[in-house]
Amino acid sequence: MINKINANMTKFNSKVDGYVAGSADFAKPVLAYWRQLIHDNCPDVEEAIKWGIPHFDYKGDFMCVMAAYKNHCSFTFLKGELMTDPRLKAGTDLKPIQRFLGKISKIEDLPPEEEFTAMLKEAMQLNEKGVKVRKEKPEPDKPKVLETPDYLLAALTANPNAKEVFESGSNSFRKEYIVWITDAKTDETRQKRISEALEWLAEGKSRFWKHKK
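Residues numbered from 1 in each chain as written. Predicted model: local features only at pLDDT ≥ 70, side-chain atom pairs only at ≥ 80, totals over all residues. Heavy atoms only, no water.

**Examining the pattern of salt bridges**
- A complete count under the given rule lists twelve salt bridges for this structure.
- For E47, the salt bridge identified is with R35, shortest N-O distance 2.5 Å. Separated by twelve residues along the polypeptide, E47 in strand β1 (residues 46-50) and R35 in helix α2 (residues 27-41) bring together distant segments of the chain.
- By relative accessible area, R35 is classed as buried at 6%.
- For K163, the salt bridge goes to E167, with nearest N and O atoms at 3.9 Å. Of this pair, K163 and E167 both sit in helix α6 (residues 160-168), four residues apart, which is roughly one turn of the helix.
- Three or more residues joined by partner-sharing salt bridges are found here, namely D17, R35 and E47. (Salt bridge = Lys/Arg side-chain N within 4 Å of Asp/Glu carboxyl O. Helix = DSSP H or I, 4+ residues; strand = E, 2+ residues; numbered from the N terminus. Buried < 20%, exposed > 50% of the residue type's maximum accessible area, 1.4 Å probe, protein only.)

Below you can see the structure in the form of structure tokens.
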């Protein structure tokens, strides 16, 4: 696979530039490759750093994220469970590092460019059609569970440790975080609360841990 350089950089976000530049040497070509393929095939994509990692949104909705860690990189199609490839569909039942594209350390670990591009175009079509990931509805005889908003799900997906703690917690444990975050009056406040929530969750803490003795 060859990492192509596109002269049209108008859609490239300088904060994402900084994220890629600040990643480990092994990760730089992998992140640059993913990023370039996204822009080549989806010129209207909007990229930004959200909750510490690069997000790629399309048609006003989340589409995919990428991240670099100490020894590997990961790429996630945020609506993978709705896509046709069985490797993406299986992702919800696996730990993040076990998922398809969840543990990449070099370009050679990636699928063929045509294969990845086909997945990307399918993800674009889902956003163009306004398709959303459906949340399971509780059965009538079960207590109602507060729905986790899409932007929080995306942030949790990008932080496996925080997600594991959040999903293993009780309904009330999750509700405390959801209410706090969704009650934010501005996007800036919401993002700040999400960042704090991810930090606390990764440490196994509840929303009100500061008040507990």
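From this point, the discussion proceeds with the structure in view.
**Some points on unusual backbone geometry**
- Phi angles above zero are rare outside glycine, and W51 is one such case at about 55 degrees.
- For W51, the position within the fold is in the loop between β1 and β2 (53-58).
- With a relative accessible area of 14%, W51 lands in the buried category.

**Comments concerning the pairing of β2**
- Of all six residues that make up β2, six are buried, and the element is covered over most of its length.
- Relative to β2, β1 runs antiparallel, the two being bridged by five bridges. When the sheet's bridge partners are listed, A48 is paired in β2 with H55.
- Joining the antiparallel neighbours β1 and β2 is a turn of two residues, in which W51 adopts a positive phi near 55 degrees.
- Counting the residues that bridge the hairpin from β2 to strand β3 (residues 61-68) gives two residues, and of these K59 lies at a positive phi of roughly 55 degrees. (Pairing = 2+ DSSP bridges.)

**Comments concerning the nonpolar core**
- Counting 57 residues, the largest nonpolar core has L31, W34, M63, F75 and F77 as the members making the most contacts within it.
- Sequence-distant contacts of F75, defined by excluding residues within four places in its chain, comprise W34, I38, C64, V65, M66, F100, L101 and F116. (Core = buried A, V, L, I, M, F, W, Y, C linked by side-chain atoms within 4.5 Å. Contact = heavy atoms within 4.5 Å.)

**Quick word on the pairing of β3**
- Of all eight residues in β3, eight are buried; the element is thus mostly enclosed.
- Bridge count for β2 against β3 is four bridges, and the pairing is antiparallel. Bridging across to β3, D57 finds its partner in F62.
- Both β3 and strand β4 (residues 73-77) contribute to a ladder of five bridges, which runs antiparallel. Its bridge partner being in β4, A68 is matched across the sheet by C73.
- Where β3 hands over to β4, the hairpin turn is made up of four residues, counted between the paired strands.

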